[in-house]
Amino acid sequence: MLGRRSHRASLVAAGVVTVAVLAALTGCTGSGPASEPAATATRSAPSAPASTEPPSVDPRPETTGTPSTDPSAGAGFGGPRVSPDAMLATVRLLAGRIGPREATSAAFARAADVVQRRLQAYGYEVTRQRFAVPAGNSWGVPVEAGTSVNVVASPPGLDPTRPHRIVGAHLDTVPQAPGAEDNASGVAVLLETARLAARPTGPGPARPTTFIAFGAEEPRGEGDALHHFGSTAHVRRLSAAQLGAVSGMVSLDRVGVGTSVPVCTGGLSPLRVRDDLLAIAGREGIAATGCTDNTASDHWSYEKAGVAAARIGGTSYAEYHSAADRVGVPVRAQLRRVAELAWVWVRR
Ligand SMILES: [Zn+2]
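Predicted, not measured: the structure shown is a model, and the values here were computed from it.

Conventions and cut-offs
- Residues numbered from 1 in each chain as written.
- Predicted model: local features only at pLDDT ≥ 70, side-chain atom pairs only at ≥ 80, totals over all residues.
- Heavy atoms only, no water.
- Core = buried A, V, L, I, M, F, W, Y, C linked by side-chain atoms within 4.5 Å.
- Buried < 20%, exposed > 50% of the residue type's maximum accessible area, 1.4 Å probe, protein only.
- Helix = DSSP H or I, 4+ residues; strand = E, 2+ residues; numbered from the N terminus.
- Salt bridge = Lys/Arg side-chain N within 4 Å of Asp/Glu carboxyl O.
- Contact = heavy atoms within 4.5 Å.
- Axes fitted to C-alpha atoms, helices over the stretch in contact; angles between N-to-C directions.
- Parallel < 35°, antiparallel > 145°, perpendicular 65-115°, else oblique.
- Left-handed = near helix turned anticlockwise from the far one by under 90°.
- Expected span 1.5 Å × (residues − 1).

Draft legend 1. Representation of the nonpolar core in the model. Leu-119, Tyr-124 and Leu-252 are the most contacted members of the largest nonpolar core, which has 61 residues in total. It is helix α3 (residues 180-197) that contributes the most residues to this core, 10 residues altogether. Phe-214, Val-235, Val-246 and Val-307 belong to the second-largest nonpolar core, a separate cluster that totals 11 residues.

Right under this line is the structure:
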């Protein structure tokens, strides 16, 4: 049961703009285990004034697992609020109970089943796209050729040749990592945003939004042709009319660490989606950082095809692509920031 009404969210100006310009970003994928880049100053966001970091403690009260339908609830969100508890439960399920989810593995298949069932329960029409991936070396671990899958959830009756949006997050991990931050965090925010978007009461998405859990984002070798397989497969199977109807795409990738939310393009995309996200962050009092040189997630597949796209996430962290990327790495406050940002973007 999806709210299909078009609605212009009534956003409350949050006062102090907390958008900072410099980002310390790394990719989700990269060229090898030793290549995790150091924090890099990025090109500045033209519309984003520099300012200070906000306090790390979010003063807003925690929500419970059952969102309120009170339209006055939330700080400017005018409807059901995000549930950090639900997102942390998703992280525990994927990274704790299921564990490492290499794109062709049985564990990945279990994770895909879980995500599919969840999205179906929210009322989406869920399809699977299978695609082949090559043998190679994923962050120092040999991997065999095989098949992986995208889990694609659309509102019932979606006409994919009419304007709609895509929110995606990769479900796979490198073989050695439980992937709590990379990228159970992104999948957790995706599921939470999909849940809110599907609610039958309260304002719904401004445009129909398709939610995709991608397979095989992580590298299987060096170079641009050996990662991002799921998003590449999705883009390639869109007709010209369908591709032209994608009015914006957001990739949620590594969204649970840090105190400021990275919002980036890879430099090809029109800046519309990125700048919309940064503007929302400013209005809602969500600390965010902008850049235009991040090609290391699934948004890049859409950018290369001419779609306005952006990545949310990518803050450096010590446990990256290691066995230490466990439950506890993504933190409640950052998951909430990202989910609120994504949800307001979907609604506006
Ligand atoms: Zn990732």
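Next comes the rest of the account.
Draft legend 2. The arrangement of the pattern of salt bridges in detail. Going through the model one piece at a time under the given rule, you end up with seven salt bridges. The partner of Asp-85 in a salt bridge is Arg-332, and the shortest N-O contact between them spans 2.7 Å. Note that Asp-85 is positioned in helix α1 (residues 84-98) and Arg-332 in helix α8 (residues 332-347), a separation of 247 residues in sequence. Of the residues examined, Arg-332 reaches a relative accessible area of 28% and is grouped as partly exposed. Two residues, Arg-128 and Asp-113, come together in a salt bridge whose shortest N-O distance is 2.6 Å. In this pair, Arg-128 sits in strand β2 (residues 125-133) while Asp-113 sits in helix α2 (residues 106-121), placing the two residues 15 residues apart along the sequence.

Draft legend 3. Layout of helix α4 (residues 229-236). Most of α4 sits inside the fold, with six of its eight residues counted as buried. Within α4 the residues assigned to the buried category are Phe-229, Gly-230, Ser-231, Ala-233, His-234 and Val-235. In the core, the buried residues of α4 are packed alongside β2, β5 (146-154), β6 (164-170), β7 (209-214), α5 (240-244) and α7 (299-304).

Draft legend 4. Quick look at the environment of Ala-245. Within the fold, Ala-245 resides in the loop between α5 and β8 (246-252). Along the primary structure Ala-245 and Thr-161 are separated by 84 residues, whereas in three dimensions their C-alpha atoms are 5.4 Å apart. Look past the residues within four positions of Ala-245 in its chain and what remains in contact with it is Pro-160, Thr-161, Arg-162, Pro-163 and His-164.

Draft legend 5. Representation of the packing of α3 against α8 in the model. It is at 9 Å that the axes of α3 and α8 come closest, and there the two elements cross at 40°. It follows from the interaxial angle that α3 and α8 lie oblique. Crossing handedness for the pair α3 and α8: right-handed. The segment α3 lies against α8, with Ser-185, Val-189, Thr-193, Leu-196 and Ala-197 engaging Leu-335, Val-338, Ala-339, Ala-342, Trp-343 and Val-346.

Draft legend 6. Summary view of α8. The terminal C-alpha atoms of α8 lie 22 Å apart, and with 16 residues this matches the ideal 22 Å at 1.5 Å per residue to within 8%. Across the 16 residues of α8, 15 count as buried, placing the element largely inside the fold.

Any link to function would need more than the numbers given here.
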